[in-house]
Amino acid sequence: MPNRKFSFIVKGGVASIFSIAAFLIAVNLVSQLLYLRFDFSDGKVYSPSKASKRILKSLEDPVIVKCYFSKDLPQPYATYRDYLKDLLKAYKNYGGKNFEYRFLAGSKDEEFRREAMSMGVAPVRLTYIAKDKYEIKDGFMGAVLLYGDKKETIPVIRDINGLEYDLTTRIKKLTAKEPIVAGILRGKGAREIPSEIMEAIRENYEVREIDLADKIDPARLPRSLTVLGPRERFTDADLAKLEQIILSGVPTAFFLDGKNVDIQSGSFYAGNVDTGLDRLLNHWGVGLKKGFALDLQNQNISIQQRAGPFIMNNIVSYPLLPIATNLSKESPLTKDMDQVTFPFASPVSTDGVKGSKLEVLAATTRLSWMRSDLESLSPMADFNPAPQDPRGPFALAVTLEGKFSAMFSADVSKSTPVAEGAWLSQSRGASRIFLAGTSRLLEQNISAGNSNVVFFLNTIDWLSEDADLVAVRSKGVKLRPFTRQLGDASRQMVKFIALLLMPLLVVAAGMVRWQSRRRAKAMARERLLREPAPVASVVSALAS
């Protein structure tokens with residue numbers, strides 16, 4: 001009887017294993033036919049965003065995506081193909097009959113190469129490790145989106161981060177009825193937007209440069225206007241024309257500097273800058289404070305120091321590059337972001353705002369302070385706050401919405417009025433402006449990561465009322481810093497806890513599990529020993 005019981009247990013265990021294996025195989029086969037995904041990641045980074053779903057469901061005609069990937073791609077490039085395939089499968093689920101995708105594979109096939117290159121997908125050189133050495137091969141990793149007689153190309157897929165944004169923005173551009181015009185202020189010593197960022201803007205908008213010295217055609221006003229770091233002074237006529245553009249309903253972003261900082265020559269010197277724009281902004285209740293915002297939560301920089309015949313690179317904390325993690329979770333510009341770096345920023349003043357909707361997008365931490373007496377900005381300088389220095393948090397970027405009144409009268413400007421009809425004494429509807437206390441968000445010699453670029457592009461999308469692009473681009477931009485101020489001993493303790501806690505918990509769980517199994521086995525042995533003699537053979541089998 002006991003032997004029969006033991007045999008039944010063994011057979012039951014084997015049957016359970018085969019049942020589980022069969023269930024998993026069935027689930028795997030069904031998953032090849034049906035799309036079903038449970039995404040528990042923060043921000044749902046492995047699933048299409050609501051904006052992408054909305055765009056796909058609104059397609060009126062078929063969008064076809066043709067993907068050109070070489071065969072036998074090494075890792076990690078093969079992962080890019082698998083991720084793209086999963087993403088397109090999800091797109092198909094929401095786009096239905098108006099979304100199709102095809103994967104074309106080839107390597108030495110001359111017809112495949114000709115078709116890929118004719119579509120704008122060029123071969124790229126891939127480096128990988130095989131047999132303990134670096135190997136190099138050429139391969140195709142691109143996609144083409146077709147909509148009627150229009151075409152958009154992703155020449156190379158170099159990373160899966162931002163791939164959803166690349167696809168969705170191109171679909172949106174293909175299906176748009178007419179292009180959206182984004183205006184960029186030219187002249188007045190304004191900063192140039194880096195070429196790669198300008199290309200990113202042109203992917204979604206028609207870019208038009210606006211010069212206040214030129215005659216403005218009211219019928220050709222842009223959807224938005226960006227003012228990036230002007231250095232020259234605006235005349236009253238310039239300010240009046242800019243004011244009329246804003247009152248006409250053109251949302252405008254101001255990225256302004258409270259101080260002119262020279263870091264190109266290595267002098268790290270701060271001088272005054274006076275553009276006159278503060279007069280116009282103060283009229284609406286906002287402006288920049290005269291000083292720098294410094295924060296203990298900041299971007300580290302690398303500096304070179306000579307020690308005898310040697311040159312050493314040291315990493316030092318630089319409070320003039322505050323990292324803002326106190327971001328608005330209500331605004332589409334920042335709700336899916338965790339951090340933005342504001343180099344050499346001046347705090348934004350909002351004390352004069354009356355009757356308009358004000359939203360603080362980014363602010364320093366409570367460990368920040370303001371210095372208005374800084375001239376030398378050397379990384380080795382003493383930036384510690386004095387007792388009289390104002391303490392944070394400080395606003396670094398804000399938006400203002402409402403009906404704005406005009407500061408200038410029509411006779412200030414001799415040019416043709418910007419708005420049709422009479423000179424506007426107040427905005428026609430709700431006007432919107434954005435103000436940030438720095439224009440150096442896009443500085444290439446300041447390592448601020450991708451978040452600053454995302455924030456800048458989000459601003460242009462927000463101005464153009466394109467919340468879909470804001471929502472898709474911000475996915476995955478995450479940083480979770482430890483903001484509490486700690487001493488050296490406490491920092492070391494936190495570091496060792498972070499390194500050792502999880503391994504120790506795993507070991508402890510293993511020990512508890514081992515003891516539990518030993519206890520269960522001992523109890524089973526005792527029960528079997530109390531039964532009649534024939535059970536001894538079973539006990540012997542268990543012991544072995």
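Calculation criteria
- Residues numbered from 1 in each chain as written.
- Predicted model: local features only at pLDDT ≥ 70, side-chain atom pairs only at ≥ 80, totals over all residues.
- Heavy atoms only, no water.
- Helix = DSSP H or I, 4+ residues; strand = E, 2+ residues; numbered from the N terminus.
- Buried < 20%, exposed > 50% of the residue type's maximum accessible area, 1.4 Å probe, protein only.
- Contact = heavy atoms within 4.5 Å.
- Areas by Shrake-Rupley, 256 points an atom, 1.4 Å probe, with all protein chains shown as cover.
- Axes fitted to C-alpha atoms, helices over the stretch in contact; angles between N-to-C directions.
- Parallel < 35°, antiparallel > 145°, perpendicular 65-115°, else oblique.
- Left-handed = near helix turned anticlockwise from the far one by under 90°.
- Nonpolar A, V, L, I, M, F, W, Y, C, P; charged D, E, K, R; others polar.
- Patch = residues over 30% accessible without salt bridge, like charges linked within 9 Å, V, L, I, M, F, W, Y side chains within 5 Å.
- Salt bridge = Lys/Arg side-chain N within 4 Å of Asp/Glu carboxyl O.
- Core = buried A, V, L, I, M, F, W, Y, C linked by side-chain atoms within 4.5 Å.
- Arc of directions from axis to C-beta.
- Pairing = 2+ DSSP bridges.
- Lys, Arg positive; Asp, Glu negative; His and termini not counted.
- Charge placed at Lys NZ, Arg CZ, Asp CG, Glu CD.

Draft legend 1. The arrangement of the overall build of the protein chain in detail. Within the protein chain, the regular secondary structure consists of twelve helices and 23 strands. Counting all 544 residues of the protein chain, 44% fall into the buried class. Partitioning the contacts of the protein chain with sequence separation of at least 6, the portion at a separation of at least 24 is 75%. Within the structure as shown, the protein chain displays about 30,000 Å² of accessible surface, and the carbon and sulfur contribution to it stands at 54%.

Draft legend 2. Region of the structure containing the packing of helix H3 (residues 77–95) against helix H5 (residues 163–175). Contact geometry for H3 and H5: axes closest at 11 Å, N-to-C directions at 45 degrees. As summarised for this structure, H3 and H5 are arranged oblique, according to the angle between their axes. In this structure, the crossing between H3 and H5 has a hand that is right-handed. The segment H3 lies against H5, with Tyr83, Leu84, Leu87, Leu88 and Tyr91 engaging Leu163, Glu164, Leu167, Thr168 and Ile171. Of the residues that constitute the contact of H3 with H5, the class distribution is eight nonpolar, one polar and one charged.

Draft legend 3. Structural context of unusual backbone geometry. Cis geometry is found at the peptide bond from Gly392 to Pro393, where omega equals 10 degrees. Note on placement: Pro393 falls in the loop between strand E21 (368–371) and strand E22 (395–402). For Lys188, which is not glycine, the phi torsion reads 60 degrees and is therefore positive. Mapped onto the elements, Lys188 comes out in the loop between strand E7 (181–185) and helix H6 (195–202). In this structure, Phe344 is a non-glycine residue whose phi angle is positive, near 50 degrees.

Draft legend 4. Geometry of the packing of H6 against helix H9 (residues 451–463). Taken N-terminus to C-terminus, the directions of H6 and H9 make an angle of 35 degrees; their axes are 11 Å apart at the nearest point. Considering the relative orientation of H6 and H9, their crossing is right-handed. Mapping the contact onto sequence places Ile197, Ala200 and Ile201 in H6 and Val453, Phe456, Leu457 and Ile460 in H9. Considered class by class, the residues forming the contact of H6 with H9 number seven nonpolar, no polar and no charged.

Draft legend 5. Geometry of a nonpolar patch on the surface. On the surface, Met493, Ile497, Leu501, Met502 and Leu505 cluster together into a nonpolar patch covering about 500 Å² of accessible area. As for its placement among the helices and strands, Leu501 is situated in helix H11 (residues 488–530).

Draft legend 6. Here's a closer look at the nonpolar core. Judged by nonpolar contacts, the single largest core of 35 residues is most densely connected at Ile193, Phe342, Phe434 and Phe456. With seven residues, H9 is the single largest residue contributor to this core. Among residues more than four places away in sequence, those in contact with Phe434 are Thr252, Ala253, Phe254, Phe255, Leu333, Leu361, Ala397, Val398, Thr399, Phe455, Thr459 and Trp462. If you look at the next biggest cluster of nonpolar residues, it comprises 33 residues, including Phe234, Ile245, Leu277 and Val286.

Draft legend 7. Spotlight on H6. Three or more residues of H6 are buried, namely Ile197, Met198, Ala200 and Ile201. On an axial view of H6, the arc spanned by its buried residues comes to 155 degrees, and they lie on one face. Tucked inside the fold, the buried residues of H6 contact strand E8 (206–210) and H9.

Draft legend 8. Spatial organisation of the pairing of strand E6 (residues 150–154). Taken together, the five bridges between strand E5 (residues 141–147) and E6 define a ladder with antiparallel strand orientation. Paired with Ala143 across the bridge in E6 is Ile154.

Draft legend 9. Highlighting a positive patch on the surface. Taken together, Arg513, Arg517, Lys521 and Arg525 make up a surface patch of like positive charges. In this fold, Lys521 is placed in helix H11. Judged by its relative accessible area of 53%, Lys521 falls in the exposed class.

Draft legend 10. Expanded view of helix H2 (residues 50–57). If you check which residues of H2 are buried, you get Ala51, Ser52, Ile55 and Leu56. Buried residues along H2 cover an arc of 130 degrees about the axis, so they all sit on one side. For H2, the exposed residues set more than 90 degrees away from the buried face come down to Lys50 and Lys57.

Draft legend 11. Structural view of the environment of Lys403. Relative to the elements of secondary structure, Lys403 occurs in the loop between E22 and strand E23 (431–436). Considered as a pair, Lys403 and Arg428 are 25 residues apart in the sequence and their alpha carbons are 7.5 Å apart. Ignoring sequence-local partners within four residues, the contact set of Lys403 consists of Gln426, Ser427, Arg428 and Gly429.

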